[in-house]
Amino acid sequence: MRALVFGSMNLDYVYEVEHFVRPGETLAARSRSVKPGGKGLNQSVALARAGAETSHAGCVGRGGEQLPALLKENGVDTSDVVPVPEIQGHTVIQVNRDGENSILLFSGSNTCVTEEQADRTLSRFGRGDWLLLQNEINLLPLITEKAAARGMTVALNPSPYDSRLDQVDFGLLSWLLVNEIEAEQITGSDDPDTVWERLHARHPRLSLLLTLGGRGSIVWRTDGARTEKVTQAAFRVPVVDTTAAGDTFTGYFIAGLMEGLPLKDCMARASRAAAISVSRPGAADSIPWRAELDGQ
Ligand code: RIB
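Calculation rules
- Here the residue numbering is sequential within each chain, running from 1 through the sequence in written order.
- Restriction of local features to residues with pLDDT of at least 70 applies here, the model being predicted, together with a cutoff of 80 or more for giving and counting side-chain atom pairs; totals for whole chains, interfaces and linings are based on all residues.
- Side-chain metrics in this entry use all non-hydrogen atoms of the structure; hydrogen atoms and water are not considered.
- Secondary structure elements follow DSSP: runs of H or I no shorter than four residues count as helices, runs of E no shorter than two count as strands, and numbering proceeds from the N terminus.
- Radius of gyration here is computed from C-alpha atoms only, and the compact-globule reference equals 2.2 Å multiplied by the residue count raised to the power 0.38.
- Accessibility here uses a 1.4 Å probe with only protein chains present; expressed as a share of the type maximum, an area under 20% marks a residue as buried, one over 50% as exposed, and anything in between as partly exposed.
- We call two residues in contact whenever any of their non-hydrogen atoms come within 4.5 Å of each other.
- Throughout, nonpolar core names a set of buried Ala, Val, Leu, Ile, Met, Phe, Trp, Tyr and Cys residues whose side chains join them through atoms within 4.5 Å.
- Note on aromatic pairs: the rings of Phe, Tyr and Trp (six-membered ring only in Trp) are paired at centre separations within 6.5 Å, and the planes decide the class, stacked below 30 degrees, edge-to-face beyond 60, tilted for the rest.
- By definition here, a salt bridge exists when the distance from a side-chain nitrogen of Lys or Arg to a carboxyl oxygen of Asp or Glu is within 4 Å.
- When DSSP locates at least two bridges between a pair of strands, those strands are taken to pair.
- Crossover handedness is defined here as right-handed if the route from the first strand over the helix to the second strand goes clockwise, with the strands pointing away from the viewer.
- Here a residue is near a molecule or strand as soon as one of its heavy atoms is found within 4 Å of it.
- The definition of a polar contact used here is a pair of N or O atoms within 3.5 Å, where within protein one atom must be able to donate a hydrogen and the other to accept one, and adjacent residues in sequence count solely through side-chain atom pairs.
- For the area figures, the Shrake-Rupley method with a 1.4 Å probe applies, and any residue is considered shielded solely by the protein chains shown.
- Charged residues are taken to be Asp, Glu, Lys and Arg, nonpolar residues to be Ala, Val, Leu, Ile, Met, Phe, Trp, Tyr, Cys and Pro, and polar residues to be all remaining types, Gly included.
- Axis geometry follows a simple rule: fit a line to the C-alpha atoms, using only the stretch in contact for helices, then measure angles between N-to-C directions, giving values from 0 to 180 degrees.

Time to look at the overall build of the protein. Helices and strands together make up the secondary structure of the protein, namely nine helices and 13 strands. On C-alpha atoms alone, the protein measures out to a radius of gyration of 18 Å, which is about the 19 Å that the 2.2 N^0.38 rule sets for 296 residues. Looking at the protein as a whole, 53% of its 296 residues qualify as buried. Long-range pairs, those at least 24 residues apart, make up 65% of the contacts in the protein between residues at least 6 apart in sequence.

And the structure:
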């Protein structure tokens with residue numbers, strides 16, 4: 001059983017600021033660093049550090065060569081990362097004194113995926129394997145259809161949420177992993193139980209993970225007939241930088257499911273990993289190794 005992340009890699013240009021820059025304002029940053037990130041890369045790293053056999057597929061652009069190298073160092077198979085002439089996808093991230101972030105994303109190389117690349121990559125995977133997607137690459141509807149047709153278990157973290165996701169057939173997904181804002185964008189409700197009821201009515205076989213920041217997380221796992229619900233409180237830690245906390249949760253949660261852990265253990269472990277991530281700066285850099293959790 002293997003995990004395939006077909007997703008983005010970004011260079012994160014991170015600026016520490018007193019507050020997020022306001023319209024018309026010029027603000028001096030306290031520090032600046034360039035770090036590995038991208039929701040796809042972060043989730044691949046989280047899966048691998050959680051112990052899952054992980055492959056990453058996507059495109060590397062000009063200036064981004066260090067990103068697949070970092071994935072490899074983490075034990076991720078990068079045979080399906082393709083070089084393209086476009087500039088590397090990147091972000092400008094402001095981190096304020098409360099550890100909150102504000103992210104400006106330029107897709108660049110991440111939206112150069114071709115149908116031929118998707119076919120070649122997916123031909124190596126099948127029933128029993130998992131596909132984890134985010135919304136930072138192109139061709140999501142096609143990749144979802146082809147992976148589901150091959151019998152893969154498809155999980156979508158529809159982040160950042162935008163209208164391109166309307167083209168994805170949610171009926172082909174096994175898992176949807178969202179935060180409260182994305183949940184409201186999809187269902188029109190900010191009440192967790194209503195979110196679940198609306199989604200379940202539309203897609204009866206779709207399981208849902210809903211993260212609620214400091215208020216914890218809730219999961220509903222269903223086979224269409226029977227649904228199991230687990231609620232998990234957030235671990236309280238001093239917040240340094242929330243970037244990639246959701247990616248850490250997602251990677252650890254899916255790794256737990258792949259291992260066959262009870263749902264409550266998947267939630268507890270993912271929540272502990274996300275708490276460690278917010279106590280450290282950076283995106284991929286902040287994701288803990290499994291031994292750090294087991295040692296606690
Ligand atoms: O989820 C965090 C990530 O979102 C950052 O690493 C940044 O690259 C953006 O994709």
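Before going further, it helps to spend a moment on the nonpolar core. The nonpolar side chains of a soluble globular protein tend to be buried with one another. Judged by nonpolar contacts, the single largest core of 42 residues is most densely connected at W175, F253 and I254. For this core, the secondary structure elements donating two or more residues are β1 (3-6), α1 (39-49), α2 (66-73), β8 (130-134), β10 (175-179), α7 (245-259) and α8 (263-278). Core analysis: the second largest hydrophobic core is formed by 35 residues, A57, C59, V84 and I186 among them.

Under the definition given, this model contains two aromatic pairs. Relative to F253, the ring of W175 lies with its centre 5.3 Å away and its plane at 75°, an arrangement referred to as edge-to-face. Within this pair, whereas W175 is found in strand β10, its partner F253 is found in helix α7, the two being separated by 78 residues in sequence. Residue class for W175 comes out buried when judged on its relative accessible area of 5%. For the pair W196 and W220, a centre-to-centre distance of 5.5 Å together with 0° between the ring planes defines the contact as stacked. Of the two residues, W196 sits in helix α6 (residues 192-202) while W220 sits in strand β12 (residues 217-222), which places them 24 residues apart along the sequence.

Of note, S55 is situated in strand β4 (residues 54-62). Sequence-distant contacts of S55, defined by excluding residues within four places in its chain, comprise A3, L4, V5, S44, V76, D77, R124 and F125.

This part covers the pattern of salt bridges. With the rule as written, the count across this model stands at 18 salt bridges. A salt bridge links R2 to D129, with the nearest nitrogen and oxygen atoms 3.2 Å apart. Note that R2 is positioned in the segment before β1 and D129 in the loop between α3 (115-122) and β8, a separation of 127 residues in sequence. On the basis of relative accessible area, D129 is assigned to the buried category, the value being 7%.

What follows is about the pairing of β4. Of all the nine residues making up β4, eight are buried; the element is thus mostly covered by neighbouring parts of the structure. Pairing between β1 and β4: four bridges, direction parallel. The residue bridging V5 from the neighbouring strand is H56, located in β4. The parallel pair β4 and strand β5 (residues 77-87) is bridged by α2, and the resulting crossover is right-handed.

The next thing to look at is unusual backbone geometry. One can expect most non-glycine residues to show negative phi and most peptide bonds to be in trans. Looking along the chain, the bond that leaves S159 and enters P160 is cis, with omega of -5°. Of note in this structure, L139 is not a glycine but carries a positive phi near 65°. Taking the relative accessible area as the measure of exposure, L139 reaches 27% and is therefore partly exposed. Notably, A244 is not glycine yet its phi reads approximately 75°, a positive angle. With respect to the helices and strands, A244 occurs in the loop between β13 (227-232) and α7.

On to the site of the ligand. The ligand sits among 13 residues. The nearest are D12, G38, K39, E136 and D247. N10 places a polar side-chain atom, nitrogen or oxygen, 3.0 Å from an oxygen atom of the ligand. One nitrogen or oxygen atom from the side chain of E136 is found 2.6 Å from an oxygen atom belonging to the ligand. Taking 280 Å² as the accessible area of the ligand by itself, protein coverage stands at 96%. Among the elements of the structure, β2 (10-16) and α1 are those that each provide at least two residues to the shell around the ligand. Grouping the constituent residues of the shell around the ligand by class yields three nonpolar, six polar and four charged.

Turning next to the sheet that holds β10. Taken together, the nine strands give an open sheet; going across it, the order is β5-β4-β1-β8-β9-β10-β11-β12-β13, and neighbouring strands pair in mixed fashion. The strands lining the two open edges of the sheet, one partner per strand, are β5 and β13. For this sheet, the mean inter-axis angle between neighbouring strands, taken without regard to orientation, is 15°. With six bridges joining them, β4 and β5 adopt parallel strand pairing. The residue of β5 that forms the bridge with S55 is D77. Its contacts with the sheet place α2 against β4 and β5, and it is angled at close to 170° to β5.

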